[in-house]
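One-letter residues, chain by chain:
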Amino acid sequence: CKQVAEAMLHNPHINFLSLKDNDVTGAGTDFSGIAALARVLTHGDTKDCEASCYSLQRLDLSGNALADRGLSELLPIVRTNSSIYQFNLARNLLGEVAGENLLEALKIAGRSTRMCHMELHGNLFPLEIASKLRRTQEANMGKKFLSERLAKAKLTQLRQGDMHAPGSPSSSP
């Protein structure tokens, strides 16, 4: 995983990365690779990154037995990465603590994230946390959809030249 993170610094055009079923934590004994990947995807290690380390759109880490500790290394990605819209964390032995931490990260990210689709099936979340995760993710998607609609509406107004202040002589009902 460390080598993948290093390679991403020098190849900013990767838009899909699958490390599915790759034992990226060395059977739960080495989280340094996951930490390096998280650093690249949150900060871009800007001094080393050739262009934009934020081109990654889909990340699949399913089936890696990340457990709560592995997820804690990845939470900065959820909170701050603005390019990933699909994140697969299915089948990672994520339990109650990981679920609560992920829920908090999703709430912090809110509208600023593009993360519209997060796969979480096959984990060990209690039903209540799983339901909250689903609702929070749906709420974030709704906020994102609304903010995109507002941005499109403003762009349409700009294109139509409808930038006059209400009540000004140029604006008519």
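Structure first, text after, so check above.
Conventions we followed
- Residue numbers here run from 1 along each chain, matching the order of that chain's written sequence.
- Totals for whole chains, interfaces and linings use every residue, but because this is a predicted model, local features are given only for residues with pLDDT of at least 70 and side-chain atom pairs only at 80 or more, for both listing and counting.
- Working from all heavy atoms in the structure, the side-chain values ignore hydrogens and water.
- Lining residues are those with an atom within 4 Å of a point, where the points come from a 1 Å grid over the protein atoms alone and group into cavities, where a 1.4 Å probe fits but cannot get out, or pockets, open sets with protein on both sides within 12 Å along at least five of seven lines.
- Grid points are joined across faces, edges and corners, and a volume is the space filled by probe spheres set on the points.
- Every helix listed is a DSSP run of H or I at least four residues long, and every strand listed is a run of E at least two residues long, numbered separately from the N terminus.
- All residues other than Ala, Val, Leu, Ile, Met, Phe, Trp, Tyr, Cys, Pro, Asp, Glu, Lys and Arg, Gly among them, are scored as polar; the first ten of these are nonpolar and the last four charged.
- At least two bridges found by DSSP between two strands is the condition for calling them paired.
- Here the axes come from fitting lines to C-alpha atoms, over the contacting stretch only for helices, and the angles between their N-to-C directions go from 0 to 180 degrees.
- Polar contact criterion, stated in full: a pair of N or O atoms within 3.5 Å, where within protein one must be able to donate a hydrogen and the other to accept it, and residues adjacent in sequence count only if both atoms are side-chain atoms.
- Residue contacts follow a heavy-atom distance rule, with two residues in contact if any of their heavy atoms lie within 4.5 Å.
- Exposed residues in this analysis have more than 50% of their type's maximum accessible area, buried residues have under 20%, and partly exposed residues fall in between, with area computed by a 1.4 Å probe over protein chains only.
- By convention in these notes, a salt bridge is any Lys or Arg side-chain nitrogen within 4 Å of a carboxyl oxygen on Asp or Glu.
- The nonpolar core is taken to be a set of buried Ala, Val, Leu, Ile, Met, Phe, Trp, Tyr and Cys residues, with the residues joined through side-chain atoms within 4.5 Å.
- If an angle is under 35 degrees, it is roughly parallel; if it is over 145, roughly antiparallel; if it lies from 65 to 115, roughly perpendicular; otherwise it is oblique.
- Note on convention: the crossing is left-handed when the near helix lies turned anticlockwise from the far helix by less than a right angle, right-handed when the turn is clockwise.

(A) Here's a closer look at the layout of surface pockets. Of the pockets and cavities examined, the largest pocket occupies roughly 160 Å³. Listed by contribution, the elements that provide at least two residues to the lining of the largest pocket are β4 (117-119) and α5 (127-159). Ranked by the residues each element gives to the lining of the largest pocket, the list is headed by α5, at six residues. Across the lining of the largest pocket, the residue classes break down as six nonpolar, two polar and two charged.

(B) Quick peek at the sheet that holds strand β2 (residues 58-60). The parallel open sheet is built from four strands, whose spatial order is β1-β2-β3-β4. At either margin of the open sheet sits one strand with a lone partner, and together these are β1 (16-18) and β4. Shown here is a sheet whose adjacent strand axes are inclined to one another by a mean of 5°, direction ignored.

(C) Main features of the side chain of N123. Inspection of the secondary structure puts N123 in the loop between β4 and α5. Polar contacts involving the side chain of N123 include one to the main-chain carbonyl oxygen of L89, which spans 3.1 Å. Here the side chain of N123 touches N92 through a polar contact of 2.8 Å, landing on its backbone nitrogen. Leaving out residues up to four positions away in the same chain, N123 has contacts with L89, A90, R91, N92, L93 and L94.

(D) Examining the environment of V4 more closely. Counting through the fold element by element, V4 comes out in helix α1 (residues 2-10). Taking relative accessible area as the criterion, V4 reaches 24% and is therefore assigned partly exposed. Sequence separation between V4 and L17 is 13 residues, and the spatial gap between their C-alpha atoms is 9.3 Å. In contact with V4, not counting residues within four places along its chain, are L17 and L19.

(E) Layout of the pattern of salt bridges. If you walk through the whole model with that rule in mind, you get three salt bridges. Put simply, K132 and E128 hold a salt bridge, and the shortest N to O gap is 3.3 Å. Of the two residues, K132 and E128 are both situated in helix α5; the distance of four residues between them amounts to about one turn of the helix. Classification of K132 by relative accessible area gives partly exposed; the value is 32%. On the basis of relative accessibility, which here comes to 54%, the residue E128 falls in the exposed class.

(F) Examining the nonpolar core more closely. Counting residues in hydrophobic clusters, the biggest one holds 36 residues, and the most contacted among them are L59, L61, F87, L89 and L102. Listing elements by their share of this core, those giving two or more residues are α1, α2 (32-43), α3 (67-80), α4 (96-109) and α5. In contact with L61, other than residues within four places in its own chain, are L19, L37, L66, L74, F87, N88, L89 and N92.

(G) Representation of the packing of α1 against α2 in the model. It is the contact of α1 with α2, at a shortest axis distance of 7 Å, that shows an interaxial angle of 20°. When the axis of α1 is compared with that of α2, the two are roughly parallel. Here the hand of the crossing between α1 and α2 comes out left-handed. Along its contact with α1, which presents K2, A5, M8 and L9, the element α2 presents S32, G33, A36, L37, V40 and L41. Counted by class, the contact of α1 with α2 contains seven nonpolar, two polar and one charged residues.

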